[in-house]
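Each chain is listed here by its residues.
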Amino acid sequence: MKKLTVNLGRLIVAVTFIFSGYVKAIDPLGTQYKITDYLQPLGLSGIVPDWMTLTASVALSTLEFSIGIFLLFAIRRRLTSKILLLTMVVMTLITTWIAIANPVKDCGCFGDAIKLTNFETLGKNIILLAISILLWRFPLQMVRFISKPTQWIVINYTILFSVALSTWSLWSLPLFDFRPYHIGANIEKGMEIPEGAKQPQFETTFILEKNGEQKEFTIDNYPDSTWKFIDSKTIQTEEGYVPPIHDFNIEDTKNGEDITQEVLHDKGYSFLLISPNLSMADDSNFGTIDQIYEYAEDHGYRFICLTASTEKEIAKWQNITGAEYPFYTTDATTLKTMIRSNPGLMLLHNGTIIQKWSHNELPAEDLLTKPLEKSEYGKLPAEGMARKILQTVLWFLLPLVLLTIADRLWAWSTWLREKEDTNKILSTSKKKKKMRKKIVAGNWKMNMNLQDGVALAKEINEALVAEKPNCDVVICTPFIHLASVAQVLNSEVVGLGAENCADKAKGAFTGEVSAEMVKSTGAQYVILGHSERRQYYGETAEILKEKVELALANGLKVIFCCGETLEEREAEKQNEVVKAELEGSVFHLSADAWKNIILAYEPIWAIGTGKTATSDQAEEMLAYIRSIVAEKYGNEAAEETSILYGGSCKASNAPELFAKPNIDGGLIGGASLKAADFKGIIDAWKK
């Protein structure tokens, strides 16, 4: 149920973020306008430059789209879940503010595709935040849809795709137009209010003064003419139906004449050059605009410029471009909604929008060859929504699939080469296994008092003296046992080791036992790097490096442990974890010093978790460890290095484990506390 819940939540958040990021990426200017709306109540709209808000727009869309894709494919699960949680915390705080303060009517989280009220947005974000906490808590429960080696392709391509999509939408126009002024929309129909639709209700309050006293009145109790009018205010008291297009109006800049209906009812073609602010408009293509104006004049088509600019700004534009077309006034917000380009060109036919162009893609050469009545430009485009969606999917998925296939082919060839090299090592291992020392080492841990420990050591010693083992045997005991146990062991049959030593040579380190002290008891070995020491006592690679050097300097052989946790195994990081542990603490040693190192692999994930490491899994890891030793010290040193397996080895499974070519023995925990059990494991070398 936990895995099912996590993955269901993961898909919900992934789809939400992909959609949210995508609609922002295809309309970066729209997102920029919304960011500016947020800055206004904070008093920052005139301070933060446009390039910064546009950059923030592209960055936000890329972040959301990338998080969605990474969740969908379960890429870098822990890191992605952390970034998701941080993002949702910030977004929830922002939407809490807009729900309470109401600085904007629509949060813009889904662009113009889906409109939500501020409280609907807050509710959505609270749900997503709860799911984000779940994913952050159990990131490794997310099932991967793509292999780990291919993740880098998805990461880089997703970010590149999102940025490229935003860049293209800035150059051209949004691929999908969710605004009411989309191609195919009839502007007049968009302004209609359905019969019977609920009308918004307003209340006007009048502020009047008489005899130096001001009072407020409504239309119902408006006083006589002896009161002097001071001011009035109108507030909306009840919501009602608002048509998609409710603010479209065209006025002559000179005389204020309204020509809206004249334009909408024109049975012919009308070119509308749209620029919210001519002082900010791109004038690089003014020559092409003038050509289209002349084309319209020659064929009797209307060509007008709609702007919210001042007369001074219009005059400056005319001076720069030589524009001869007439200018009319329209609301700036309406113009920004009509087309995401400054300037942009829109073609109307009988009040219906049939074409829209960015100033970067004006179709001058094709358009000027024949009248619109005989041209494809004079008709609505045949391209439908389904085709656009298919194009988008193919643009993203097809290159991704091809890159993935290429990566898999490369990985396959690399795997074959590595397999061949591994087989050589394994083959050599089978031939030379007799050259390596076979070792069974007991790790008593914090068990038994001194008397019981000495008794167990005697029992083990007597059993092995009576029947010589086919391998080296070592027992590693707590510090207090060392000196006493050394007295009862035949050192030629059973070696003695400590379970730890200090990372300091001597000094005021109360409670510590130095490598020199361990050696003085008669011990020949010491276990270092055990997972329990790393986990419970915070032993780092640097601390272990010091311990290893001190142990070797005092003539001790080091049984060095390495291994991965359950999370690292599930994340398929076992190889890099083990390699990092060896590189951090022992791979700095000289070739001569390395001869005194015995490695022990601990599958921490299979100890006390209920999971079982198979002999094949153990062999695979030990073969890998031997291969990285070969990379560092050469094949000969790798073949001479004894590598033990330390994962719940018992008399019952020891023969199967020890039969593997790269397993040279075991580091035994609980089974070493009983002489019979320990002897059973040692005897596995005779089978």
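Residues numbered from 1 in each chain as written. Predicted model: local features only at pLDDT ≥ 70, side-chain atom pairs only at ≥ 80, totals over all residues. Heavy atoms only, no water.

As recorded in an unreviewed UniProt entry, the chain goes by Triosephosphate isomerase and comes from Segatella hominis. In its Catalytic activity (unreviewed entry) section, the UniProt record describing the chain reads: "D-glyceraldehyde 3-phosphate = dihydroxyacetone phosphate". (UniProt positions renumbered as here; feature names shortened; annotations may be inferred.)

Chemist: Describe the overall build of the chain, naming the residues involved and giving the relevant values.
Modeler: Per the secondary structure count, the chain includes 25 helices and 17 strands. For a compact globule of 687 residues, the expected C-alpha radius of gyration is about 26 Å, and the chain comes in at 39 Å, more than 25% above that figure. Here the C-alpha coordinates of the chain stretch approximately 120 × 75 × 45 Å along the principal axes. Residues classed as buried in the chain amount to 46% of the 687 residues present. Across the chain, the fraction of contacts at a sequence separation of at least 24, relative to all contacts at a separation of at least 6, is 74%. Of the roughly 34600 Å² that the chain leaves accessible, carbon and sulfur atoms contribute 57%. (Helix = DSSP H or I, 4+ residues; strand = E, 2+ residues; numbered from the N terminus. Rg over C-alpha atoms; globule rule 2.2 N^0.38 Å. Buried < 20%, exposed > 50% of the residue type's maximum accessible area, 1.4 Å probe, protein only. Contact = heavy atoms within 4.5 Å. Areas by Shrake-Rupley, 256 points an atom, 1.4 Å probe, with all protein chains shown as cover.)

Chemist: Describe the side chain of glutamine 574, naming the residues involved and giving the relevant values.
Modeler: Structurally, glutamine 574 can be placed in helix α20 (residues 574–585). The contact partners of glutamine 574, leaving out residues within four places of it in the chain, are Glu564, Glu568, Arg569 and Met621.

Chemist: Just give me the short version of unusual backbone geometry, but keep the residues and values in it.
Modeler: Cis peptide bonds are those with omega within 30 degrees of zero, and the linkage from asparagine 342 to proline 343 qualifies with 0 degrees. For arginine 76, which is not glycine, the phi torsion reads 45 degrees and is therefore positive. Among the structural elements, arginine 76 can be located in the loop between α3 (50–73) and α4 (77–101). Its relative accessible area of 45% is what places arginine 76 among the partly exposed residues. Notably, glutamate 572 is not glycine yet its phi reads approximately 60 degrees, a positive angle. Note on placement: glutamate 572 falls in the loop between α19 (566–570) and α20. Among the residues examined, glutamate 572 registers a relative accessible area of 46% and is labelled partly exposed.

Chemist: Before we move on, could you go through the UniProt feature "transmembrane region" (unreviewed entry) in the chain and cite the residues and values that matter?
Modeler: The sites that UniProt annotates as "transmembrane region" (unreviewed entry) are residues 51–74, 83–102, 122–140 and 152–171. Secondary structure across residues 83–102 divides into 95% helix and 0% strand, with the first and last C-alpha atoms of the span separated by 27 Å. This span, residues 122–140, is 84% helix and 0% strand, and a straight line between its end C-alpha atoms measures 28 Å.

Chemist: Go over the packing of helix α14 (residues 450–466) against helix α25 (residues 675–682), please, and point to the residues and values.
Modeler: Viewed as axis vectors pointing N to C, α14 and α25 meet at an angle of 40 degrees, and their least axial separation amounts to 10 Å. Seen from above, α14 lies across α25 with right-handed handedness. Residues Leu456, Glu459, Ile460, Ala463 and Leu464 of α14 form the contact with α25, whose participating residues are Ala675, Phe678, Lys679 and Ile682. Residue composition of the contact of α14 with α25, by class: seven nonpolar, no polar and two charged. (Axes fitted to C-alpha atoms, helices over the stretch in contact; angles between N-to-C directions. Left-handed = near helix turned anticlockwise from the far one by under 90°. Nonpolar A, V, L, I, M, F, W, Y, C, P; charged D, E, K, R; others polar.)

Chemist: So what's going on with the packing of aromatic side chains? Which residues, and what values?
Modeler: Two aromatic rings, taken as a pair, are described by how far apart their centres are and by the angle between their planes. On inspection of all chains with the given rule, the structure shows 22 aromatic pairs. Where phenylalanine 271 meets tyrosine 301, the ring centres are 6.5 Å apart and the plane angle is 55 degrees; that geometry is what we call tilted. Of this pair, phenylalanine 271 sits in strand β5 (residues 269–275) while tyrosine 301 sits in the loop between α9 (286–299) and β6 (302–307), and the two are 30 residues apart along the sequence. We note that phenylalanine 271, like tyrosine 301, is buried. Taken together, the ring pairs in this structure connect Tyr269, Phe271, Tyr293, Tyr295, Tyr301, Phe303, Tyr325 and Phe327 into an aromatic cluster. (Phe/Tyr/Trp six-rings, centres within 6.5 Å; stacked < 30°, edge-to-face > 60°.)

Chemist: Describe in detail the domain arrangement of the chain, supporting the description with residues and values.
Modeler: When the parts come together, some accessible area is lost, and that loss is often what is quoted as the size of the interface. For the chain, the assigned domains are domain 1 (1–171), domain 2 (198–238), domain 3 (251–382) and domain 4 (439–684). Once you take the C-alpha centre of each, domain 2 and domain 4 turn out to be 91 Å apart. (Domains from an automatic or database assignment.)

Chemist: Run through α3, naming residues and quoting values.
Modeler: Given a rise of 1.5 Å per residue, 24 residues ought to cover 34 Å, and the 35 Å separating the end C-alpha atoms of α3 matches this to within 8%. Where α3 ends, the next residue or the one after it, alanine 74, has phi of about 55 degrees, a positive value. (Expected span 1.5 Å × (residues − 1).)

Chemist: Could you give an account of the pairing of strand β12 (residues 494–498), with specific residues and numbers?
Modeler: Taking burial as the measure, the five residues of β12 include five buried ones, the bulk of the element. Bridge analysis of strand β11 (residues 472–477) against β12 gives five bridges, and the strand direction is parallel. Paired with isoleucine 475 across the strands is leucine 496, a residue of β12. Crossover handedness for the path β11 to helix α15 (residues 479–486) to β12: right-handed. Sheet topology note: the β12/strand β13 (residues 525–528) ladder contains two bridges and is parallel. Its bridge partner being in β13, alanine 498 is matched across the sheet by valine 526. Considered for its hand, the β-α-β crossover made up of β12, helix α16 (residues 515–520) and β13 is right-handed. (Pairing = 2+ DSSP bridges. Right-handed = clockwise from strand over helix to strand, strands pointing away.)

Chemist: Explain a negative patch on the surface residue by residue, including any values.
Modeler: Negative charge collects at one region of the surface, where Glu294, Glu297, Asp298 and Glu324 lie side by side. Here glutamate 297 is to be found in helix α9. (Patch = residues over 30% accessible without salt bridge, like charges linked within 9 Å, V, L, I, M, F, W, Y side chains within 5 Å. Salt bridge = Lys/Arg side-chain N within 4 Å of Asp/Glu carboxyl O. Lys, Arg positive; Asp, Glu negative; His and termini not counted. Charge placed at Lys NZ, Arg CZ, Asp CG, Glu CD.)

Chemist: How would you sum up the sheet that holds strand β4 (residues 251–252)? Please name residues and give values.
Modeler: The strand order β4-β7-β6-β5-β8-β9 describes an open sheet built from six strands, whose pairing is mixed. The two strands at the open ends of the sheet, each matched to only one other strand, are β4 and β9 (352–358). For β5 and strand β8 (residues 344–349), the ladder comprises six bridges, and the chain directions are antiparallel. Bridge pairing in β8 links leucine 273 to leucine 345.

Chemist: How would you sum up the side chain of lysine 34? Please name residues and give values.
Modeler: Mapped onto the secondary structure, lysine 34 falls in helix α2 (residues 28–39). We classify lysine 34 as buried; its relative accessible area is 18%. Residues within four places of lysine 34 in sequence aside, it is in contact with Asp106, Cys107 and Gly108.

Chemist: Can you explain the pairing of β9? Please cite residues and give values.
Modeler: The buried fraction of β9 is high, at seven of seven residues. Judged from the six bridges that link them, β8 and β9 form a sheet pairing that is antiparallel. Paired with glycine 344 across the two strands is serine 358, which belongs to β9. Taking the residues that link successive antiparallel strands as the turn, the β8-β9 hairpin has two residues, and the phi of asparagine 350 there is positive, at about 55 degrees.

Chemist: Explain the confidence of the model for the chain to me, using residue names and the numbers behind them.
Modeler: The pLDDT averaged across the chain works out to 87; a share of 92% of its residues lies at or above 70. Low pLDDT, under 50, characterises residues 428–433; the predicted model gives this stretch 15 contacts beyond four residues in sequence or across chains. (pLDDT = per-residue confidence, 0-100.)

Chemist: Outline the environment of threonine 337, listing residues and values.
Modeler: You can see threonine 337 is positioned in helix α11 (residues 332–338). In this structure, threonine 337 is in contact with Arg179, Pro180 and Tyr181, ignoring residues within four places of it in sequence.

Chemist: If you had to explain the environment of tryptophan 395 to someone new, which residues and values would you point to?
Modeler: Note that tryptophan 395 resides in helix α13 (residues 385–432). In this structure tryptophan 395 comes out as exposed when scored by relative accessible area, which is 62%. Once the C-alpha coordinates of tryptophan 395 and phenylalanine 161 are considered, the two residues, 234 residues apart in sequence, prove to be 8.7 Å apart. Apart from residues no more than four positions distant in its own chain, tryptophan 395 is found in contact with Tyr157 and Phe161.

Chemist: Explain a nonpolar patch on the surface to me, using residue names and the numbers behind them.
Modeler: Residues Ile389, Leu390, Val393, Leu394, Leu397, Leu398, Val401, Leu402 and Ile405 make up a contiguous nonpolar surface patch of roughly 780 Å² in combined accessible area. Along the chain, valine 393 falls in helix α13. Its relative accessible area of 37% is what places valine 393 among the partly exposed residues.

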